[in-house]
Amino acid sequence: MQSYRLTINFYSPMVFYDRLTLDALVAYCLARDETMKDGRLGFVSYAQALPAVIKGLDKLNEIIEHRDGVPLASFLQVDGAIEYLDSWKKRFHSKHVHLVDFGKARRRINTASGKYRSYNQPLPAKVLDRGSFVFIGNGSVVMELMEDYVPGIGKKVSEGFGWIDGLDLTDSELSWNDILLMRPVPLPVAEKYGISGNRRICGWRPPYWLKTNVCECMVPE
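Being a predicted model, the structure only gives us computed values, none of them experimental.

**Notes on the overall build of the chain**
Moving on, step 1. In terms of helices and strands, the chain carries five helices and 11 strands.
Moving on, step 2. Going through the 221 residues of the chain one by one, you find that 41% of them count as buried.
Moving on, step 3. Here the chain has roughly 12800 Å² of accessible surface; of this, 50% comes from carbon and sulfur atoms.

**Describing the state of the cysteines**
Moving on, step 1. Within the structure shown, the criterion is met by zero disulfides.
Moving on, step 2. No disulfide involves Cys217; its sulfur sits 3.9 Å from that of Cys215, the nearest cysteine.

**Looking at the pairing of strand β1 (residues 2-10)**
Moving on, step 1. Sheet topology note: the β1/strand β7 (residues 130-137) ladder contains eight bridges and is antiparallel. Counted as the bridge partner of Arg5 is Val134 from β7.

**Here's the deal with unusual backbone geometry**
Among all residues except glycine, the phi angle is most often negative; among peptide bonds, the trans geometry is most common.
Moving on, step 1. Across the junction of Pro206 and Pro207, the peptide omega takes the value -15°, indicating a cis bond.
Moving on, step 2. The topology assignment puts Pro207 in the loop between β10 (198-203) and β11 (214-219).
Moving on, step 3. Of note in this structure, Asp68 is not a glycine but carries a positive phi near 55°.
Moving on, step 4. Secondary-structure assignment places Asp68 in the loop between β3 (66-67) and β4 (70-71).
Moving on, step 5. Even without being a glycine, Lys156 presents a positive backbone phi close to 55°.
Moving on, step 6. With respect to the helices, strands and loops of the structure, Lys156 is situated in the loop between α3 (139-149) and β8 (164-171).

**Focus on the environment of Tyr84**
Moving on, step 1. Along the chain, Tyr84 turns up in strand β5 (residues 82-90).
Moving on, step 2. Using a relative accessible area of 30% as the deciding quantity, one classes Tyr84 as partly exposed.
Moving on, step 3. Separated by 41 residues in the primary sequence, Tyr84 and Ala125 have C-alpha atoms spaced 5.5 Å apart.
Moving on, step 4. Not counting the four nearest positions on each side in its chain, Tyr84 is found in contact with Pro13, Leu123, Pro124, Ala125 and Val127.
Moving on, step 5. Reaching out from Tyr84, the side chain makes a polar contact with the side chain of Asp86 at a distance of 2.7 Å.

**With respect to the confidence of the model for the chain**
Moving on, step 1. On average, the chain scores 85 in pLDDT, and the residues at 70 or more come to 85%.
Moving on, step 2. When mean pLDDT is taken per element in the chain, strand β9 (residues 185-186) scores highest with 97 and helix α2 (residues 46-63) scores lowest with 73.

What counts, and where the lines are drawn
- Numbering of residues starts from 1 in every chain and runs along the sequence as written.
- For a predicted model such as this one, the threshold for reporting local features is a pLDDT of at least 70, and the threshold for listing and counting side-chain atom pairs is 80 or more; totals across whole chains, interfaces and linings nevertheless cover every residue.
- Note that water and hydrogens are dropped before the side-chain values are worked out from all heavy atoms of the structure.
- Numbering of helices and strands runs from the N terminus; a helix is a DSSP stretch of H or I covering at least four residues, while a strand is a stretch of E covering at least two.
- Three exposure classes are used, based on accessible area relative to the maximum for each residue type with a 1.4 Å probe and protein chains only: buried under 20%, partly exposed in between, and exposed over 50%.
- We get accessible surface area from the Shrake-Rupley algorithm with a probe of 1.4 Å; when it comes to residues, only the shown protein chains can shield them.
- The disulfide criterion is simple: two cysteine sulfur atoms within 2.5 Å.
- Think of it this way: DSSP has to see at least two bridges between two strands before they count as a pair.
- Contacts are residue-level and defined by heavy atoms, with any inter-residue pair within 4.5 Å sufficient.
- The term polar contact refers here to a pair of N or O atoms within 3.5 Å; inside protein, the definition further demands a hydrogen-donor-capable atom paired with an acceptor-capable atom, and it admits residues adjacent in sequence only when both atoms are side-chain atoms.
- Per-residue confidence from the predictor is reported as pLDDT, a score between 0 and 100.

Structure below.
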């Protein structure tokens, strides 16, 4: 398969703690695609999402090439990002009103004071014009999935963070060896190919939240 660079232009600050990998985004797109076929618009819980995730992972292996089980897709590559502290308003959600004991009082939630008040939750936002992923796989399918299901990247996309202004797909000269240096790799695979970096316990393949996909990895410095 061909090696590609997917460049993403942003028009709002992005929020993330750990850098994203492209294979995680593609797996998300495939799972969303499966749920759309079932007539559902989104996930309610991990348990309900898991069948769609498993179906999507079968397709992921056909879209993104693997080496020793590791997807050949990099971390988000960012240069010159400026970090600052932003925030979003945390509000009481009306769907939880049945959990509140009003007693004989009027059924009213006071969000201006008391334990149900709204507050600003700090977010480490990053201002950046663009970022990119490098991967080996089917570039046209990746572009199509990203355009259909990913309006933004990172946390709090629904609050306006990390929105995408445009995508650009170009050929890359990087090989699978180079890409393995740009993502988490399980320690046995890292030792096999002489990959160095920081040791860390983390996920290394989708779904990254699944405990069986978490182990000691070599992560880029």
